[in-house]
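One-letter residues, chain by chain:
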Amino acid sequence: MSSAIDPAKLRALKSWVDVPAGSDFPIQNIPFGIFSANGRAPRPCTRIGDTVVDLHVLCEAGLLTGTDIASEAFQSETLNALIKHGKPAVRRLRERLMDLLSTGNTGMQDQAGLVGRALIPVQDATLHLPVEVGDYTDFYSSREHATNVGIMFRGPENALMPNWLHLPVGYHGRASSIVASGTAIRRPMGQMRPDPQQPPVFGPSKQLDIELETAFITFEGKPLGERITTAEAEDRIFGMVLFNDWSARDIQSWEYVPLGPFLGKNFGSSMSPWVVTLEALEPLRIAGPAQDPEPLPYLRTQGMHSFDIALEAALIPDNGTENVICRTNFKHLYWTMPQQLAHHTVNGCNVRAGDVMASGTISGSSPDSFGSLLELTWRGTKPLKLADGTERKFLHDGDTVVIRGHGQRDGLRIGFGEVRGKILPAG
Ligand code: CA
């Protein structure tokens with residue numbers, strides 16, 4: 001089985017492990033994550049349907065030999081040791097797992113004891129941050145988002161800054177405060193200036209927001225001083241996750257001039273547990289938006305480099321019901337991942353295995369496709385009405401936000417699951 005597997009054959013693959021209809025995790029996905037369970041320290045796994053597969057158990061049973069991945073990588077509490085082996089080895093591992101889990105392959109399914117040890121119902125597992133994040137970069141690659149924010153802050157004439165159509169704008173974020181899905185987020189305290197005629201004040205943020213994003217996680221890059229071209233970039237990308245870049249707009253708007261986001265962002269960013277590989281996303285590959293003006297040569301690409309991934313954000317008030325507040329798609333992003341990585345390294349900046357590069361808020365063109373409350377409520381001027389009769393300009397204490405993502409083509413569904421976080425009162 002290779003990455004060039006015939007699409008019809010790929011779609012026809014089935015697993016002997018039960019996969020519920022509509023699951024994000026059929027045998028064609030095989031994402032990577034880190035789980036722990038009763039008596040098992042955090043370690044690498046994959047997921048099929050609603051079942052976690054313990055890779056350490058498979059390695060001990062001798063089923064992962066020939067993938068060239070050291071056995072220690074399967075006992076590590078992050079995926080960094082595994083992905084340091086690079087794309088060809090991780091691709092071989094994923095293909096081996098697809099083989100072992102497919103109907104007709106008896107290497108694993110006939111060993112009842114092994115199956116009992118290796119498979120764990122996902123509800124019995126705790127899912128952790130998949131990688132130890134070395135460095136975190138956040139891009140700003142949605143033209144619709146940048147335009148909306150620009151209109152609100154600078155007016156329609158100057159909505160996009162002069163550089164925006166020429167390079168993927170980004171900033172260096174804070175790796176230490178990236179947390180696993182399910183981790184509660186405390187409302188940040190900070191300095192704000194709500195009334196520009198009055199001195200600044202200190203207190204809990206009153207404009208706590210979400211940013212619906214995806215992120216990609218890198219393999220080992222190149223040494224400091226060398227660049228990764230757009231043509232090489234996908235070989236340096238391990239996979240993608242969902243990402244919520246929680247943002248305190250009142251802190252952000254007072255502090256950001258002239259050096260950009262700081263304390264309005266680094267109090268917490270939530271990441272989904274399953275890293276979906278670019279190989280799994282292959283059936284969803286499409287062309288991104290046309291780019292005009294044509295980018296400089298170092299940012300040009302051949303072929304298609306976007307993916308058709310439907311994304312949604314839902315808000316759940318404390319003890320309340322779910323309200324889907326945004327439906328958007330990864331395909332709206334103007335700058336592609338290869339362009340982001342090529343731009344990031346064009347000056348010789350090195351990237352390392354486990355670095356995280358987030359997309360920036362993903363907004364579409366319709367008002368219900370905006371990826372932040374800032375845009376959805378147009379800076380609080382058009383509050384959202386929720387099913388329970390309450391309104392939201394920004395997040396309330398006790399609100400939970402869930403972001404989900406999946407793509408579908410010719411009956412094949414590949415998804416990410418979700419990233420979730422609940423807002424706690426300021427401490
Ligand atoms: Ca962001």
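For the structure itself, consult the block above.
Please read all numbers here as calculations on a predicted model, not as lab measurements. (Residues numbered from 1 in each chain as written. Predicted model: local features only at pLDDT ≥ 70, side-chain atom pairs only at ≥ 80, totals over all residues. Heavy atoms only, no water.)

Participant: Describe in detail the sheet that holds strand S3 (residues 51-54), supporting the description with residues and values.
Facilitator: The sheet built from five strands is open, its strands ordered S4-S3-S2-S1-S5 with antiparallel pairing. Each of the sheet's edge strands pairs with one partner strand only, and the pair in question is strand S4 (119-121) and strand S5 (126-127). The sheet contact formed by strand S1 (residues 33-37) and strand S2 (residues 40-48) spans four bridges and is antiparallel. Bridging across to S2, Gly-33 finds its partner in Cys-45. (Pairing = 2+ DSSP bridges. Helix = DSSP H or I, 4+ residues; strand = E, 2+ residues; numbered from the N terminus.)

Participant: Provide a residue-level description of the nonpolar core, including the pertinent values.
Facilitator: By size, the foremost hydrophobic cluster in this structure holds 102 residues, and its most contacted members are Leu-58, Met-108 and Leu-281. In terms of residues, this core owes the most to one element, helix H4 (residues 87-101), which gives seven residues. Phe-25, Ala-37, Val-52 and Ala-125 belong to the second-largest nonpolar core, a separate cluster that totals nine residues. (Core = buried A, V, L, I, M, F, W, Y, C linked by side-chain atoms within 4.5 Å. Buried < 20%, exposed > 50% of the residue type's maximum accessible area, 1.4 Å probe, protein only.)

Participant: How would you sum up the state of the cysteines? Please name residues and give values.
Facilitator: Any covalent bond linking the sulfur atoms of two cysteines counts as a disulfide. The tally for this structure, following the rule as stated, stands at zero disulfides. Sulfur of Cys-59: no disulfide; nearest cysteine sulfur belongs to Cys-45 and is 15 Å away. (Disulfide = S-S within 2.5 Å.)

Participant: A description of empty space enclosed by the protein should follow, citing residues and the corresponding values.
Facilitator: This structure, assessed with the given rule, holds two cavities of 30 Å³ or more. Looking at the largest cavity, its volume works out to about 50 Å³. In terms of lining residues, the largest cavity is bounded by Thr-214, Ala-215, Phe-216, Met-240, Phe-330, Leu-333, Trp-335, Thr-336, Met-337, Gln-340, Met-357 and Ser-359. Counting residues per element, the ones that place at least two in the lining of the largest cavity are strand S13 (212-218) and helix H11 (337-345). Per-element tally for the lining of the largest cavity: the top contributor is S13, with three residues. When grouped by side-chain class, the residues that make up the lining of the largest cavity number eight nonpolar, four polar and no charged. Within this model, the second largest cavity holds a volume of roughly 40 Å³. Along its surface, the second largest cavity is lined by Lys-87, Val-90, Arg-91, Arg-94, Phe-219, Phe-238, Thr-277 and Glu-279. Looking at the lining of the second largest cavity, its residues break down into three nonpolar, one polar and four charged. (1 Å grid on protein atoms, 1.4 Å probe; cavity = no way out; pocket = protein on both sides within 12 Å on 5 of 7 lines; lining within 4 Å. Points joined across faces, edges and corners; volume = space filled by probe spheres on them. Nonpolar A, V, L, I, M, F, W, Y, C, P; charged D, E, K, R; others polar.)

Participant: Residues and numbers for the coordination of the calcium ion, please.
Facilitator: At 2.2 to 2.3 Å from the calcium ion lie its protein donor atoms, namely Asp-138 (OD), Glu-211 (OE), Glu-213 (OE) and Asp-245 (OD). The sequence motif formed by the donor residues of the calcium ion is D-x72-E-x1-E-x31-D. Placement of the pair is Asp-138 in strand S6 (residues 136-139) and Glu-213 in strand S13, with a sequence separation of 75 residues. You can call Asp-138 buried: its relative accessible area is 2%. The buried category is assigned to Glu-213, whose relative accessible area is 0%. (Donors = N, O, S within 2.8 Å, 3.2 Å for Na, K, Ca; no water.)

Participant: Tell me about the pattern of salt bridges, and please be specific about residues and values.
Facilitator: Applying the stated rule across the entire model yields 25 salt bridges. Between Glu-294 and Arg-300 there is a salt bridge, with the nearest N and O atoms lying 3.3 Å from each other. The class for Arg-300 is partly exposed, based on a relative accessible area of 36%. Its salt-bridge partner being Lys-385, residue Glu-391 comes within 3.3 Å of it at the nearest N-O pair. Put simply, Asp-209, Glu-211, Asp-245, Arg-249 and Lys-265 are held in one network by salt bridges that share partners. (Salt bridge = Lys/Arg side-chain N within 4 Å of Asp/Glu carboxyl O.)

Participant: Which residues make up H4, and what are the values?
Facilitator: A turn of α-helix holds 3.6 residues, and therefore any two residues three or four places apart point the same way. The end-to-end C-alpha distance of H4 is 21 Å, a good match for the 21 Å that 15 residues give at a rise of 1.5 Å each. Looking only at H4, the buried set comprises Lys-87, Ala-89, Val-90, Leu-93, Arg-94, Glu-95, Leu-97, Met-98, Leu-100 and Leu-101. (Expected span 1.5 Å × (residues − 1).)

Participant: Just give me the short version of the pairing of S3, but keep the residues and values in it.
Facilitator: Burial along S3 is two-sided: Thr-51 and Val-53 and Val-52 and Asp-54, pointing in opposite directions, are all buried. Examined bridge by bridge, S2 and S3 share four bridges and lie antiparallel to one another. What sits directly across from Cys-45, in S3, is Asp-54. Joining the antiparallel neighbours S2 and S3 is a turn of two residues, in which Gly-49 adopts a positive phi near 55°. Across three bridges, S3 lies against S4 in antiparallel orientation. Bridge pairing in S4 places Val-53 opposite Leu-119.

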